[in-house]
Structures are given as structure tokens and as C-alpha cells.
Amino acid sequence: MNTSDTLLVIFAMALVTYATRAGGLWVVGFMPMSPRLEAFLRYLAGSVLVALVVPATVRGEGAAFVAVGATLVSVVLLRRALLAMAIGVLAAALYRRYTGM
Amino acid sequence: MATPFHPGGGRATLTLAGVWRGARAMLPVLIPVFVFGAAFGIAARGAGLEGWAASLMSALVFAGASQFAALDLWHAPVPWVPLLLATFAINARHLLLGASLRMLTHGLSAWKRYAAMIVLSDLNWAALIAAEARGERDLGYMVGGGLAMWVVWLVATVIGAEAGDVTLTDLQRYGLDLVLVVFFTTTLVGLYRKRIDDLPWLVAGLAALAAVWWLPTNWHVLVGGLAGGLAGLVQHGRRT
């Protein structure tokens, strides 16, 4: 790919990506604020996170289950997010070491 | 106008103090951001991009998955339609992230709102949503996290593209490839409201899995997020 094509592709990708970043806020700005919309947006935030975590866990074979499971238990018991993340990652690393996966 | 049910009141702010708080909160996930950035630099070199082009892409696009996807389509003549469609499809989840920030941009001027969206990304968005549950009302929190990620992402790309030999296998050995999903998991627990979230989240999880199995790649966040949001809306309508 020559230099001008390279520049054009990068700028076009940047534009498309910014459109996705700004577009959601822009569209929702046309809707009048109401308790219903607020509730929807609140559910949306949690649901997006669920949609990020669940497939990554299910597809990520054993180590992802171990990591997410250990993190869930730790954060519920200890209430410390950073510590729970460390425990989850460590558990996955150990799991990989001993199963050789 | 109905009264917002936020404990902190209606108006959001964007302050330097918030930017600083957000940047500090992002520290633990900067390690995997760095390694993935370096991996992108290496992969870009492998795909035939020059170092400056890989770095420029990281600086302007700043969206890892879509940057990796572009490498697969990196040949002349430029496959414009597949390349830009892939970029859109992979980044379409940002639409939902942005929409969910409606209340956290309330009362800010348009230029501040849309300038802040330049650095909108899953990680700093999740950090802000988690902080919001603890009373954070400053959009700067997301901006600070995004700026920290942007700097690290760019520096890592430069290093990877110029000289580097980190591989994804090194990441996996220490479980670092799982830092992101684990971070989202802790955020989720912080957001959880007993009973209220059960049904929407179940719907979101099932819809996301169904999308993984039956739809082209990368639509699952959009599908799961929307399905859960709508389920929540239906539930909300039944209760009140």
C-alpha cells in the first residue's frame, strides 16, 4: 500500500471509529429525558458489561472460567476490586501452569 | 421534566481533578494495554505497515480490535468497503457506551461532551460506570482514563513497531490476557442491584452468547447490550 493510500485508510478508519464513539450520545440526545429512558440507559450499561464478560468467559476455555470465577468470589467476599483482579489473574496463571494449557 | 433518581443530582462536571482520578484508577489495566499495543506494533510490521503508519493508526483510531482486523485487509488495491465495514462493526459497541453516558454528560457544553468521546473506550467507560455507582459525577474520570490508555497504547505501538519481541504467549503465561475480562467482572459486581438486574442481565448474557454462535463476529456486545436494556425497560414498565 503506498503512502497516500495508507494515510487515507487511517483517516477513514479514524472517522468511522469516532462516529461510533460520538453517535450513541448524539442519538440519545434527541430523546426527551424521562425516568423510563434513564432506567433503560442504566440497564444498558450493565447489559453491555454482561455481553462483554459472558462470551469472553465461555469461549476462553478453562483459564477464563477460573479467572472470572476466582475474581467473582474474591470481590464478593473481600470487596476490594484490585485485590480480586490480582487473585483472578494469578489463579488463571496457576491453572495454566498445572494443566499445561 | 422528571427528577433524576441519581443520588448525586442531575448535572455532570468535567474537571482536571476528575481527569486525574480517572487516570490513576486506570493504572492496573495499563499493563495489558501496553502489551497489546506492543503486539499490535509487531503484527503491523508483519503485515507490511511502516512504523510511522502503525503509530499514526494507534494515535488516531485508538481501538485495538479494529486495528488488528485492518491488518488482515491491508493490501493494494485498498478493499475499502470490507475494511470500513469491519471497522464499523467492531466499534459499533461504542454506540451503546456513548448512549449510556447521557446522564454523565448532562449540563456539559456540546464541545466538551463530544471532545470527551474522542477517548471513549470499553475500559475507561467501565471504570466511570463503576465510579458512578459510588457517586462519581465527573466525565473527566473517563477522559483521564482514556488519556492514560492513549499514551500507553501509542508508546507501546511505537516500541512494538520499531523493536520488540513480546508475543501473546508471554502474556498468556502470566494470565495477563485475562486482565480485561476480570476488570469487567469486578465492575459488574459493583453495579449489581439485587433482583432488579437479574432478568435484564440474564437476557443480555443469553443474547450475547446467541450472537456469538449465530451472527458474524463482533456483534455480540451490541446485541447483548440492547437485548438486556430492552428487557430492563419492559421490567421497569411492569413495576411502575
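Residues numbered from 1 in each chain as written. Chains lettered and ligands numbered in written order. Predicted model: local features only at pLDDT ≥ 70, side-chain atom pairs only at ≥ 80, totals over all residues. Heavy atoms only, no water.

Going by an unreviewed UniProt entry, chain B carries the name 4-azaleucine resistance transporter AzlC and comes from Ancylobacter tetraedralis. Looking at chain B in UniProt, the text filed under Subcellular location (unreviewed entry) is "Cell membrane". (UniProt positions renumbered as here; feature names shortened; annotations may be inferred.)

In the annotation of an unreviewed UniProt entry, the entry for chain A reads Putative membrane protein, and the organism field reads Ancylobacter tetraedralis.

S.K.: What is the right way to read the overall build of chain A from this model?
M.R.: In terms of regular secondary structure, chain A is built from 4 helices and 0 strands. Reading the helices (α) and strands (β) of chain A from amino to carboxyl end gives α-α-α-α. For 101 residues, the compact-globule estimate of 2.2 N^0.38 gives 13 Å, and chain A exceeds it by more than 25% at 20 Å. When the backbone C-alpha atoms are referred to their principal axes, chain A occupies close to 50 × 50 × 20 Å. Looking at chain A residue by residue over its 101 residues, the buried ones come to 50%. Restricting the contact set of chain A to residue pairs at least 6 apart, pairs at least 24 apart contribute 30%. For chain A, the exposed surface amounts to about 4800 Å²; the carbon and sulfur share of it is 72%. (Helix = DSSP H or I, 4+ residues; strand = E, 2+ residues; numbered from the N terminus. Rg over C-alpha atoms; globule rule 2.2 N^0.38 Å. Buried < 20%, exposed > 50% of the residue type's maximum accessible area, 1.4 Å probe, protein only. Contact = heavy atoms within 4.5 Å. Areas by Shrake-Rupley, 256 points an atom, 1.4 Å probe, with all protein chains shown as cover.)

S.K.: Honestly, the pattern of salt bridges in this entry has me stumped. Any pointers?
M.R.: Side-chain pairs of opposite charge can arise whenever the charged atoms involved come near each other. Counted according to the given criterion, the structure contains 6 salt bridges over all chains. The residue Arg-137 of chain B makes a salt bridge to Glu-132 of chain B at a minimum N-O spacing of 3.8 Å. One exposure class covers both Arg-137 of chain B and Glu-132 of chain B, and it is buried. Close ionic contact of Asp-197 of chain B with Arg-193 of chain B constitutes a salt bridge, the shortest N to O distance being 2.9 Å. Taking relative accessible area as the criterion, Asp-197 of chain B reaches 2% and is therefore assigned buried. Taking relative accessible area as the criterion, Arg-193 of chain B reaches 25% and is therefore assigned partly exposed. Three or more residues joined by partner-sharing salt bridges are found here, namely Arg-42 of chain A together with Glu-132 and Arg-137 of chain B. (Salt bridge = Lys/Arg side-chain N within 4 Å of Asp/Glu carboxyl O.)

S.K.: Help me understand the environment of Ile-196 of chain B, please; the structure alone is not making it clear to me.
M.R.: Residues and elements named next belong to chain B. Within the secondary structure layout, Ile-196 lies in the loop between helix H11 (179-191) and helix H12 (198-214). Ile-196 sits in the partly exposed class, given a relative accessible area of 29%. For the pair Ile-196 and Ala-59, spaced 137 residues apart in the sequence, the C-alpha separation amounts to 40 Å.

S.K.: Got a minute to help me understand helix H4 (residues 81-99) of chain A in this structure?
M.R.: Two residues of an α-helix separated by three or four positions point the same way, owing to the 3.6 residues in each turn. The end-to-end C-alpha separation of H4 of chain A is 27 Å, in line with the 27 Å expected for 19 residues at 1.5 Å each. Looking one or two places after H4 of chain A, you find Gly-100 of chain A, whose phi comes out positive at around 70°. (Expected span 1.5 Å × (residues − 1).)

S.K.: What is the right way to look at the packing of aromatic side chains in this model?
M.R.: Evaluation of the coordinates by the stated rule reveals 5 aromatic pairs over all chains. Seen in terms of ring centroids, Trp-26 of chain A and Phe-30 of chain A are 5.1 Å apart; in terms of plane orientation they differ by 90°. Their pairing is edge-to-face. Neither Trp-26 of chain A nor Phe-30 of chain A differs from the other in exposure class; each is exposed. Seen from their ring centres, Tyr-192 of chain B and Trp-201 of chain B are 5.6 Å apart, and the 55° between their planes marks the pair as tilted. Of the residues examined, Trp-201 of chain B reaches a relative accessible area of 12% and is grouped as buried. A cation over a ring is seen here: Arg-193 of chain B above Tyr-43 of chain A, with NZ or CZ 5.3 Å from the ring centre. (Phe/Tyr/Trp six-rings, centres within 6.5 Å; stacked < 30°, edge-to-face > 60°. Lys NZ or Arg CZ within 6 Å of the ring centre and 35° of its normal.)

S.K.: Explanation requested: the UniProt feature "transmembrane region" (unreviewed entry) in chain A in the structure shown.
M.R.: Residue and element names in this part refer to chain A. With numbering matched to this structure, UniProt assigns "transmembrane region" (unreviewed entry) to residues 6-28, 40-58 and 64-95. Between the C-alpha atoms that bound residues 6-28 there is a distance of 34 Å. The span itself is 100% helix and 0% strand. The annotated region residues 64-95 carries 94% helix and 0% strand content, and the separation between its end C-alpha atoms amounts to 10 Å.

S.K.: Please clarify how the environment of Leu-222 of chain B should be interpreted in this entry.
M.R.: Residue and element names in this part refer to chain B. On the secondary structure map, Leu-222 appears in helix H13 (residues 220-239). The spatial distance from the C-alpha of Leu-222 to the C-alpha of Leu-14 is 27 Å, given a sequence separation of 208 residues. When sequence neighbours within four positions are dropped, the list of residues in contact with Leu-222 reads Ala-92, Arg-93 and Leu-96.

S.K.: I would appreciate a short explanation of the layout of surface pockets in the present structure.
M.R.: Of the pockets and cavities examined, the largest pocket occupies roughly 1400 Å³. Looking at the largest pocket, it is lined by 36 residues, and the ones nearest its centre are Phe-36, Ala-65, Asp-177, Leu-180 and Phe-184 of chain B. Residues of the lining of the largest pocket, tallied by class, amount to 21 nonpolar, 8 polar and 7 charged. Estimated volume of the second largest pocket: approximately 460 Å³. Every residue lining the second largest pocket is counted, 20 residues in all, and those nearest its centre are Ala-81 and Leu-82 of chain A together with Ala-130, Arg-134 and Thr-186 of chain B. Those elements giving two or more residues to the lining of the second largest pocket turn out to be H4 of chain A together with helix H8 (122-133) and H11 of chain B. (1 Å grid on protein atoms, 1.4 Å probe; cavity = no way out; pocket = protein on both sides within 12 Å on 5 of 7 lines; lining within 4 Å. Points joined across faces, edges and corners; volume = space filled by probe spheres on them. Nonpolar A, V, L, I, M, F, W, Y, C, P; charged D, E, K, R; others polar.)

S.K.: Any chance you could explain a nonpolar patch on the surface here in plain terms?
M.R.: Residue and element names in this part refer to chain A. Together, Leu-72, Val-73, Val-76, Leu-77, Leu-78, Leu-83 and Ile-87 line one region of the surface with nonpolar side chains, adding up to about 590 Å² of accessible area. Those elements that place two or more of their residues in the nonpolar patch are helix H3 (61-78) and H4. By residue number, the principal contributor to the nonpolar patch is H3, which donates 5 residues. Its location among the elements puts Val-76 in helix H3. (Patch = residues over 30% accessible without salt bridge, like charges linked within 9 Å, V, L, I, M, F, W, Y side chains within 5 Å.)

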